[in-house]
Structure formats: structure tokens, C-alpha cells
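# Notes for the structure review
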Amino acid sequence: GAVVSQHPSRVICKSGTSVKIECRSLDFQATTMFWYRQFPKQSLMLMATSNEGSKATYEQGVEKDKFLINHASLTLSTLTVTSAHPEDSSFYICSARELAGGHNEQFFGPGTRLTVL
Amino acid sequence: SQQGEEDPQALSIQEGENATMNCSYKTSINNLQWYRQNSGRGLVHLILIRSNEREKHSGRLRVTLDTSKKSSSLLITASRAADTASYFCATDPNQAGTALIFGKGTTLSVSS
């Protein structure tokens, strides 16, 4: 299957700083990318959907000003956690669909573990 | 939003036994998928079953889908210690281009 990468795989930061996570589709063009968050011993919760060249759509309860999403190209989406706090510590997973408007498979990145001290 | 409910939440069995996990969902779907996740790691795609299919096999895995009951089950036969992981069902909504929605998951522990 297609490959989605995330960088960094792990990040530790101080409270109040901003952290950027990159999600790349390596061998296909992703018109739609998704960001999930997973707290320990819980399931994946969808945070937002990003479409290339347009604003992201956020799920209810997710602060768009805190979690900035940019999908500037067909192979790259970034999630910036602004003014991070310990409660933002989580496992962030991105995924990508190859074509908009179709039920193509959704491919997942390996995840980024964020720890905010 | 979380769509699926899975049961049991946790399952402990011995090697060689079969493990059955169930998933229920709420809205119409195009397909349903099962994933495995080892502790602290990423997702591994196991199997996809389309809404017009009732049963699918892949190695030691057997998945069933009952769209009238909005439920699915994952059976792992002859389990091994290496099967120890969390298992999630994920529904692909009947609206193209939307995200997979994950169930709460079942934590499987297989002891040798």
C-alpha cells in the first residue's frame, strides 16, 4: 500500500511552546488528509479534515486556533499545536486518502508522540 | 466523533484459543475495516469488508458484517502471544472522501 510518513516521531517540549508535526504522502497525491489524536488507552479521535488549498474542517470541540492545520501541497499537511500545555500530550496520527470524492483506501502515518512538560 | 462501540473492552485468553471481538456502529457505511495497534505504535491494517459482503477471511482472521444489525465481528483463530494488541474497527461512511471513524477498541492479551 501507499506510504504516509510523519515527522517527528517523538517530541518533548516545554509548556507554552508551539510544535509543528508534518505529514507526507510519499508515493501518491493526497487531496484529503486527516488528523487524529489518541490519548493513552483510548481510541483515535478525529480532529480535523484538511483539503489541499482550502481551510481545514475541525470536529466539534477541537480549537482551530490552537491546532493550526496547513495543507499547502498535495503531499504535505502540517499540524501546529500552538502554546502547548501538558493536557495536549498525546499521540497524533495523520492519514491520507488518494483521491477526493472516492472511497479509496485511507493510509495512516506512524504517529507522533507529543509530551508537553 | 466516535461512532463504534466494541466489546469486550478487554479480552484475556491462552495461546491456541480463539478470540472474538465485536463492533457496532450507528450510521450507514461503505465499508468497515479492522486495525491492530501494538502498545505505543502505529496502526496496522488487517482487513476491509465492504457493505455488500457478509464474511471475509484473511489467514487466521475472519470478519463478518451484518448491515441490518449494524455490527461486525473479528475472529482470530489459534491465537498467539504475538496477537497481543489493541484491535479497532473503523467505519468508512457512506459519503465519499470522509474520514474513517474508529470504535473504542478491544485490548487483547494472549498468554503463553
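Placed above this text is the structure.
A quick note: this is a predicted structure, and the numbers were derived from the prediction, not measured.

Looking only at helices and strands, chain B has 0 helices and 11 strands in total. Along its sequence from the N terminus, chain B presents helices and strands in the succession β-β-β-β-β-β-β-β-β-β-β. The C-alpha radius of gyration of chain B comes to 13 Å, within 12% of the 13 Å expected for a compact globule of 112 residues. Relative to its 112 residues, chain B shows a buried fraction of 47%. Expressed as a percentage of contacts within chain B between residues at least 6 apart in sequence, the contacts between residues at least 24 apart total 55%. Working note: accessible area of chain B is about 5,300 Å², and carbon and sulfur atoms make up 43% of it. Considering chain B, the positive charge centre built from 12 side chains and the negative charge centre built from 10 side chains are found 4 Å apart.

Residues and elements named next belong to chain A. Relative to the helices and strands, His-71 resides in strand S7 (residues 67-73). When its relative accessible area of 4% is taken as the criterion, His-71 is described as buried. A polar contact is formed between the side chain of His-71 and the backbone oxygen of Ala-30, at a distance of 3.2 Å. Separated by 3.2 Å, the side chain of His-71 and the backbone oxygen of Ser-73 make a polar contact. His-71 has contacts with Ala-30, Thr-31, Thr-32, Met-33, Ser-50, Asn-51, Glu-52, Gly-53, Leu-76 and Ser-77, leaving out every residue within four places of it along the chain.

All names here are of chain A. Of the two faces of strand S1 (residues 4-7), only one is covered, namely that formed by Val-4 and Gln-6; the face formed by Ser-5 and His-7 stays uncovered. In this structure, S1 lies alongside strand S3 (residues 19-25), joined through 4 bridges in antiparallel fashion. Bridge pairing in S3 links Ser-5 to Arg-24.

Following the criterion strictly, the structure yields 8 aromatic pairs over all chains and no others. Here the aromatic rings of A:Tyr36 and B:Phe102 are separated by 5.6 Å at their centres, their planes lie at 90°, and the arrangement is edge-to-face. With one member in each of two chains, A:Tyr36 in strand S4 (residues 32-38) and B:Phe102 in strand S10 (residues 101-102) form a pair that bridges those chains. With respect to burial, A:Tyr36 and B:Phe102 carry one shared label: buried. A centroid spacing of 5.7 Å and a plane angle of 80° characterise the contact between A:Phe108 and B:Phe102, whose relative ring orientation is edge-to-face. With one member in each of two chains, A:Phe108 in strand S10 (residues 106-108) and B:Phe102 in strand S10 form a pair that bridges those chains. The same class applies to A:Phe108 and to B:Phe102, which are both buried. Each residue in the set A:Tyr36, A:Phe108, B:Tyr35, B:Phe88 and B:Phe102 is aromatic and connected to the rest through ring pairs, giving one cluster.

Attention now moves to the nonpolar core. Counting residues in hydrophobic clusters, the biggest one holds 25 residues, and the most contacted among them are A:Val4, A:Trp35, A:Met47, A:Phe67, A:Leu79, A:Tyr92 and A:Leu114. Those elements that provide at least two residues to this core are strand S2 (10-13), S3, S4, strand S5 (44-51), S7, strand S8 (76-81), strand S9 (90-97) and strand S11 (112-116) of chain A. Residue contacts for A:Met47: discarding those within four places in its chain leaves A:Trp35, A:Tyr36, A:Arg37, A:Thr57, A:Tyr58, A:Glu59, A:Val62, A:Phe67 and A:Tyr92. Listed in part, the 22 residues of the second largest apolar core include B:Met21, B:Trp34, B:Leu65 and B:Ile76.

Time to look at the interface of chain B and chain A. Contacts between chain B and chain A engage 24 residues on the former and 21 residues on the latter. Buried area between chain B and chain A, both sides added, is near 1,700 Å², and the carbon and sulfur share of it is 54%. On the surface where chain B and chain A come into contact, there are 1 salt bridge. B:Asp92 is paired through a salt bridge with A:Arg97; the nearest N and O atoms lie 2.8 Å apart. Between chain B and chain A we count 6 residue pairs in polar contact (both at pLDDT 80 or more) in total. Within the residue set of the side of chain B that touches chain A, elements represented by two or more residues are strand S4 (29-37), strand S5 (43-50), strand S9 (85-93) and S10 of chain B. Split into classes, the residues belonging to the side of chain B that touches chain A amount to 9 nonpolar, 12 polar and 3 charged.

Parameters at a glance
Residues numbered from 1 in each chain as written. Chains lettered and ligands numbered in written order. Predicted model: local features only at pLDDT ≥ 70, side-chain atom pairs only at ≥ 80, totals over all residues. Heavy atoms only, no water. Helix = DSSP H or I, 4+ residues; strand = E, 2+ residues; numbered from the N terminus. Rg over C-alpha atoms; globule rule 2.2 N^0.38 Å. Buried < 20%, exposed > 50% of the residue type's maximum accessible area, 1.4 Å probe, protein only. Contact = heavy atoms within 4.5 Å. Areas by Shrake-Rupley, 256 points an atom, 1.4 Å probe, with all protein chains shown as cover. Lys, Arg positive; Asp, Glu negative; His and termini not counted. Charge placed at Lys NZ, Arg CZ, Asp CG, Glu CD. Polar contact = N/O pair within 3.5 Å; in protein donor to acceptor, adjacent residues only side chain to side chain. Pairing = 2+ DSSP bridges. Phe/Tyr/Trp six-rings, centres within 6.5 Å; stacked < 30°, edge-to-face > 60°. Core = buried A, V, L, I, M, F, W, Y, C linked by side-chain atoms within 4.5 Å. Buried area = accessible area lost by both parts, 1.4 Å probe. Salt bridge = Lys/Arg side-chain N within 4 Å of Asp/Glu carboxyl O. Nonpolar A, V, L, I, M, F, W, Y, C, P; charged D, E, K, R; others polar.

None of this, on its own, says anything about what the molecule does.
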